[in-house]
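Overview (structure and organization)
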Amino acid sequence: MVYLGDGDHEGRELRNRFQYAFIVVVGVFTLILFRLTYLQIIQGDTFRNLSESNRVRIRVVTAPRGIIYDAKGRILVDNRPAFDVKLIPEDVRDVAEAIARVGRLLNLSEEEIADRVAKASPPAPPWRPVLIKGDVSRDELALVETRKLDLPGVFVDVGQRRAYRYGKLAAHLLGYMGEISEAELKRPEYRDYRQGEFIGKVGVERRYETYLRGVHGQKHIEVDAAGREVAFLREIPPIPGKDLYLTIDLDLQLAAEEAMQGKSGAVIAIDPRNGDVLAMVSAPAFDPDVFARGITAAEWQALTRDPRKPLNNKGIQGTYPPGSTWKAIVAAAGLHAKAITPDTALHCGGTFPFGRRVFRDWKLSGHGAVTLYDSLVQSCDVYYYRLGDKLGVDRIAEEALGMGFGQLTGIELEGEKPGLVPSTAWKQRRFKQPWFPGETISVAIGQGATTVTPIQLVNAYASLANGGKLWRPHVVSRVVDIDGTVVYERQPELIGLTPTTPAANRAIARGLLGVLEDPKGTAHSQRSKDFRMAGKTGTAQASSRLYSVKDEDKIPWHLRDHAWFVAFSPEVDAEIAVVTLAEHGGHGSSAAAPVVKAVIARYWELKRMRENVQAPIGGRG
């Protein structure tokens, strides 16, 4: 038996402890190695990006929005610099305190700023800037800049806002910009947009948003722990939006705007040869700059509560009884159905008894024997009572639908209304009631359930002037890239041909010419010595008169009749057609015809200037 001393026993224990310690150390280092491998290799990119995000800020550089020009290349809408105050939530230690300070500087309530910050909370990343107030004044800018050190996470970004060079001019056609809403941000077409960004809300600003917007750039900026800028790293420049060239002629637009001063309604001028819209006015108008800088609640309420509805584009959204302008359409239906010829004479004694009711002419003594020419020149109601009774409402409706009424023209502006062409089927569908023959009598003179928009009416009259062609009206001629490349060009689009024959169109145009040229014409006072135009007046009842007032000035404005005038010039091979609707304006000859005359006169004046020709226009010697 071998005896082991105490020294050997202690040595063995020491070796065992060393082995255990070695295993533990190796295990720890192995764990550390695996952890380092995981952090640096497996998750290296993730943590590197997190580190960079804490050090580098990526700020969006808004692309310059495309410029909008008139038909002759004159700028209508461009851009101006604007200063926006923004806040980065991640860089603010005490959000409530920062909100209070910024609110005092910018005269904003804490609730309003807190709401903006809350809306930008996750899923949006905390380092993404939140727009606190856009387009601040110079004084507000100075206040924020001088207190920059006391406002960590708050900075001023230089952006852009739209500049509408002519104020309210063509406001409904051009449209306006506004901050994108929460609902819009959820829509697929706005998936690349961010909270606080401005977009086109109406008009061509909205319809051509995709072209006008451009591609935003980026700035990579190094910041310190407090979010203060340390260094500029790099920039990806933005790509400017594409430019729009309209069909609008600025000179004609100015003439139409001036002629409509003080009136409520619409003016539209088009080229009957291709559907180009040469001018479009809706009055009263709004100032798009108010929306560009950010409209206040008080300003919005003033616009929405105005009984004249300044936000509505009345040229395409306003639906009105057409009054006597409808007589040309009923005449076309009569000629098409061979219910009359241009020489057919119908007697007008001032009244038309029908059933238990007596329908009266505007001229109580009557017009005597009336032909098609006379019926248009003198706007004889009884002639159309009789003709409407012969035709029936469905025949009138068929002709009207063929001339573009009761449906959208398809102009590239949102919100267009189709109007209404009544028929027996429509009444049965709408009211579950049969059509009564007496209702046709009212429809024949443009009253009753019939409603039209100004764009429909001028387009239909243009078809009378161009041989029966219905062109789709349009307001944009082309879209041009920054390098001058035409990326889109609008071609004239033929909607269809009207049911009327060329001979019928000529007969109607002759009567419409007499409205101005014939001494008996309802608009003879608006006849011009410098050019010829063919047109039709119309007075449309706007309400059911509960009382009779001899003095029209005493009738409340909202109960007065609407005034129409629609014309084309010259009467053969027309180059321009214009309609005016003066809401509650009274009589077409006095309230609407002078506006049309002013626009057409300006058209020929401009043409003479371009061609340097002094000879009269339209064949007058």
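What counts, and at which threshold
Residues numbered from 1 in each chain as written. Predicted model: local features only at pLDDT ≥ 70, side-chain atom pairs only at ≥ 80, totals over all residues. Heavy atoms only, no water. Helix = DSSP H or I, 4+ residues; strand = E, 2+ residues; numbered from the N terminus. Buried < 20%, exposed > 50% of the residue type's maximum accessible area, 1.4 Å probe, protein only. Contact = heavy atoms within 4.5 Å. Areas by Shrake-Rupley, 256 points an atom, 1.4 Å probe, with all protein chains shown as cover. Expected span 1.5 Å × (residues − 1). Pairing = 2+ DSSP bridges. Axes fitted to C-alpha atoms, helices over the stretch in contact; angles between N-to-C directions. Core = buried A, V, L, I, M, F, W, Y, C linked by side-chain atoms within 4.5 Å.

A count of helical and extended segments in the chain gives 22 helices and 23 strands. By residue count, 49% of the 621 residues in the chain fall in the buried class. Contacts in the chain between residues at least 24 apart in sequence constitute 71% of all its contacts with a sequence separation of at least 6. Accessible surface, the chain: about 30,400 Å² in total, of which carbon and sulfur atoms supply 54%.

Before going further, it helps to spend a moment on helix α21 (residues 502-517). Along its 16 residues, α21 runs 22 Å from first to last C-alpha, staying within 8% of the 22 Å computed at 1.5 Å per residue. With 12 of its 16 residues buried, α21 lies for the most part within the structure. For α21, the secondary structure elements touched by its buried residues are α14 (327-336), α15 (372-377), α20 (454-465), β21 (534-540) and β22 (562-569).

Moving on to the sheet that holds strand β11 (residues 265-270). Taking strand neighbours across the sheet as the criterion, the 5 strands line up as β12-β11-β23-β22-β21 in an open arrangement whose pairing is antiparallel. Bordering the open sheet on either side are β12 (277-283) and β21, each of which pairs with just one other strand. Across this sheet, the average inter-strand angle for adjacent strands is 5°, counted without regard to direction. Two elements, β21 and β22, share 7 bridges in a ladder whose sense is antiparallel. Residue pairing for β22: A534 is matched across the bridge by F568. Across the face of the sheet, α20 comes into contact with β11, β21, β22 and β23 (576-582) while running at roughly 30° to β22.

A few words on unusual backbone geometry. Residue A283 is joined to P284 through a cis peptide bond whose omega torsion reads -5°. Of the consecutive residues S569 and P570, the connecting peptide bond is found in the cis state with omega at -15°. For P570, the location among the structural elements is in the loop between β22 and β23. Backbone geometry places K432, a non-glycine residue, at a positive phi of 55°.

The next point concerns the environment of G419. Its location among the elements puts G419 in the loop between α17 (393-402) and α18 (424-431). On a C-alpha basis, the gap between G419 and V452 in space is 4.7 Å, while along the polypeptide they are 33 residues apart. Once residues within four sequence positions are removed from consideration, G419 is found in contact with T319, G406, T451 and Q456.

All right, on to the nonpolar core then. In globular proteins that are soluble, nonpolar side chains generally tend to be buried together. Counting residues in each nonpolar core, the largest one holds 95 residues, and the members touching the most others are V204, F405 and F568. Counting residues per element, this core draws most heavily on α20, at 8 residues. Residues in contact with V204, not counting those within four places in the same chain, are I68, L173, L174, E209, L212, L244, L413, V475 and V476. Counting 30 residues, the second largest nonpolar core, distinct from the first, contains V267, V595, V596 and Y603.

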